[in-house]
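Read off the chains here:
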Amino acid sequence: MAPTTTTMRTMPTTSRPTSCLREKGPDVSNRKGRRKPVSDFNNERNVHPACGQTQATAKAVCGINELLRGESRAHRSVGYKNSVSRYHMMTMSRCYETGEELANRTYRPQRGEKHEVFEPKYRLTVSSKYSDRVPQAAFVVNYFYPKVVPHLIKNNFACLKGRGVDAARNTLKEILRSADMEDYCVKADMKSYFASIDHETLYAELFPYMPDEWARWFFMTTVENTGRPVGLDLGSEVYQLAATSFLNKLDHMLDHGTYARYQDDLIFVGSKEECREALKTIRAEAARLKLRVSEEKTFMQPVKRPIKFLGFSFLKHETGRVTMKRLPEKIREERRKLRRMKRRGVPRERVDEHCISVRACLKKGSRSDLMALDRYINQLFKEEK
């Protein structure tokens, strides 16, 4: 039997009709809701032609990876909030949209929410929206820290990693240990520091450290979001770092190893003549920056007298030893808090949690204050045992 062969029918190769093809419409890559490849907006050509660093800076700050890392940084300690959870569920898309707006300079921050703060004193603050904290965190980490912070002196504290209140207190103790008993100390303070910072003066002071045009645009956009030409809010990391850097020229004038500053609280130690000159320099520089010196908190005193700084009283003894003790008014305030908690029926477990931080703060100073507070707590809540 002859083998059977199967004949494969070959279909004619004809081109599809033009009507079956999807017509290519106009470019809608910039339309809201459509995404472009990440490389498109990272290499956006809408940059200022006068500055060659602008394109690289925009990519370093508003790139998708940088914004995602910024969101992770801003997410810390606030993940329990509903607004943060909603943003976190759409992190990739929200960061992508923000990156496009930053690259095209169409980004506009939202107005923050007002809050009342009662500790350590009453303040009306405005906190930034979480969607604005993400690019601010990316800007701070990728530009402000490497470009501006290296120009600050070592004894400039507040809002900087490794330069908190503990570092400022320890620095003052070292300064007092090396001082003579005949030396003097200048204690200065700016009145309503954050609310008195003029925006144009702020730009003139910080823009020499920000040569990039895009960085200046983002910084100005964030600062002008306050809606007024004078004053910064407390609820933004960019505002806090700007206030920390605002007095940088004054810091370099007084920095001779015996000077420290925590925001607007200034300490200078030296001879009587040096302290007088330092006080004149502080007043002159404050006038140039359109700030007001608080006359009640600005004075000169001998170092052998107690010096109040950051909630503690520092005393230099004849032997060279420096002791640190919590201010009495701070201890009285803690006792008032405990009495309020007792009147409101707060459970003892929550009272103990509150006292953990109080004890940790008192341990930095005199142990007698710590033991006195423990006795007061036991006496106040003895019937609940």
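Everything below is about the structure shown above.
Below: a short report on this structure.

**What about the overall build of the chain?**
Thought 1: Counting secondary structure elements, the chain contains 15 helices and 10 strands.
Thought 2: Taking all 385 residues of the chain together, the buried fraction comes to 45%.
Thought 3: Considering only intrachain contacts with a sequence separation of at least 6, the fraction spanning at least 24 residues in the chain is 68%.
Thought 4: Carbon and sulfur atoms provide 51% of the accessible area of the chain, an area that totals close to 22200 Å².

**Examining the packing of aromatic side chains**
Thought 1: Per the stated rule, a full pass over the model turns up 11 aromatic pairs.
Thought 2: Relative to Phe 194, the ring of Tyr 193 lies with its centre 5.9 Å away and its plane at 85 degrees, an arrangement referred to as edge-to-face. Of the two residues examined, Tyr 193 and Phe 194, each falls in the buried class.
Thought 3: Between Phe 207 and Phe 219, the ring centres sit 6.4 Å apart and the planes meet at 70 degrees, which makes this aromatic pair edge-to-face. With Phe 207 in the loop between helix H8 (199–206) and helix H9 (213–223) and Phe 219 in helix H9, this pair connects stretches of sequence that are 12 residues apart.

**Focus: the sheet that holds strand S4 (residues 184–189)**
Thought 1: Taken in spatial order, the five strands make up an open sheet running S3-S5-S6-S4-S7, and their pairing is mixed. The strands lining the two open edges of the sheet, one partner per strand, are strand S3 (156–157) and strand S7 (299–302).
Thought 2: Two elements, S4 and S7, share four bridges in a ladder whose sense is antiparallel. Bridge pairing in S7 links Lys 187 to Phe 299.
Thought 3: Against the sheet, helix H7 (residues 165–178) engages S3, strand S5 (259–262) and strand S6 (265–270), with an angle of about 160 degrees to S5.

**Examining the side chain of Gln 263**
Thought 1: Inspection of the secondary structure puts Gln 263 in the loop between S5 and S6.
Thought 2: One polar contact links Gln 263 to Thr 244, side chain to side chain, over a distance of 3.3 Å.
Thought 3: If sequence neighbours within four positions are ignored, Gln 263 has contacts with Phe 157, Ala 158, Cys 159, Tyr 193, Phe 194, Gln 240, Ala 243, Thr 244 and Leu 247.

**Digging into helix H6 (residues 130–147)**
For the α-helix, the turn length of 3.6 residues means that residues three or four positions removed from each other point alike.
Thought 1: Over its 18 residues, H6 extends 25 Å from the first C-alpha to the last, a length consistent with the 26 Å expected when each residue adds 1.5 Å.
Thought 2: Looking only at H6, the buried set comprises Tyr 130, Ser 131, Asp 132, Val 134, Pro 135, Gln 136, Ala 137, Ala 138, Phe 139, Val 140, Tyr 143 and Phe 144.

**So, the nonpolar core**
Thought 1: Residues Phe 139, Tyr 193, Leu 202 and Phe 219 are the most contacted members of the largest nonpolar core, which totals 65 residues.
Thought 2: No other element matches H6, which puts seven residues into this core.
Thought 3: When near neighbours in sequence (up to four residues on either side) are disregarded, Tyr 193 contacts Ala 243, Phe 246, Leu 247, Arg 261, Gln 263, Asp 264 and Leu 291.
Thought 4: Membership of the second largest hydrophobic core comes to 19 residues, among which are Ala 168, Ile 175, Ile 307 and Phe 309.

**A word on the sheet that holds strand S10 (residues 322–326)**
Thought 1: A sheet is described by the order of its strands in space; here three strands give the open sequence S8-S9-S10, paired in antiparallel fashion. Strands with a single pairing partner mark the edges of an open sheet, and in this sheet they are strand S8 (307–309) and S10. Adjacent strand axes in the sheet meet at a mean angle of 30 degrees, parallel and antiparallel pairs treated alike.

**Details of H9**
Thought 1: Counting buried positions along H9 gives eight out of 11 residues, so the element sits mostly inside the fold.
Thought 2: Listing the buried residues of H9 in full gives Trp 214, Ala 215, Trp 217, Phe 218, Phe 219, Thr 221, Thr 222 and Val 223.
Thought 3: Sitting at the amino-terminal end of H9 is Asp 212, which places a side-chain oxygen 3.0 Å from the backbone nitrogen of Trp 214.

**Focus on the packing of helix H14 (residues 348–362) against helix H15 (residues 367–380)**
Thought 1: It is at 10 Å that the axes of H14 and H15 come closest, and there the two elements cross at 165 degrees. Taken as axis vectors, H14 and H15 run roughly antiparallel relative to one another. The crossing of H14 and H15 is right-handed. Listed contacts from H15 to Arg 348, Cys 355, Val 358, Arg 359 and Leu 362 of H14 are Asp 369, Leu 370, Leu 373, Asp 374, Ile 377 and Asn 378.

Scoring rules and cut-offs
- Residues numbered from 1 in each chain as written.
- Predicted model: local features only at pLDDT ≥ 70, side-chain atom pairs only at ≥ 80, totals over all residues.
- Heavy atoms only, no water.
- Helix = DSSP H or I, 4+ residues; strand = E, 2+ residues; numbered from the N terminus.
- Buried < 20%, exposed > 50% of the residue type's maximum accessible area, 1.4 Å probe, protein only.
- Contact = heavy atoms within 4.5 Å.
- Areas by Shrake-Rupley, 256 points an atom, 1.4 Å probe, with all protein chains shown as cover.
- Phe/Tyr/Trp six-rings, centres within 6.5 Å; stacked < 30°, edge-to-face > 60°.
- Pairing = 2+ DSSP bridges.
- Axes fitted to C-alpha atoms, helices over the stretch in contact; angles between N-to-C directions.
- Polar contact = N/O pair within 3.5 Å; in protein donor to acceptor, adjacent residues only side chain to side chain.
- Expected span 1.5 Å × (residues − 1).
- Core = buried A, V, L, I, M, F, W, Y, C linked by side-chain atoms within 4.5 Å.
- Parallel < 35°, antiparallel > 145°, perpendicular 65-115°, else oblique.
- Left-handed = near helix turned anticlockwise from the far one by under 90°.

All we've got here are geometric facts, nothing functional implied.
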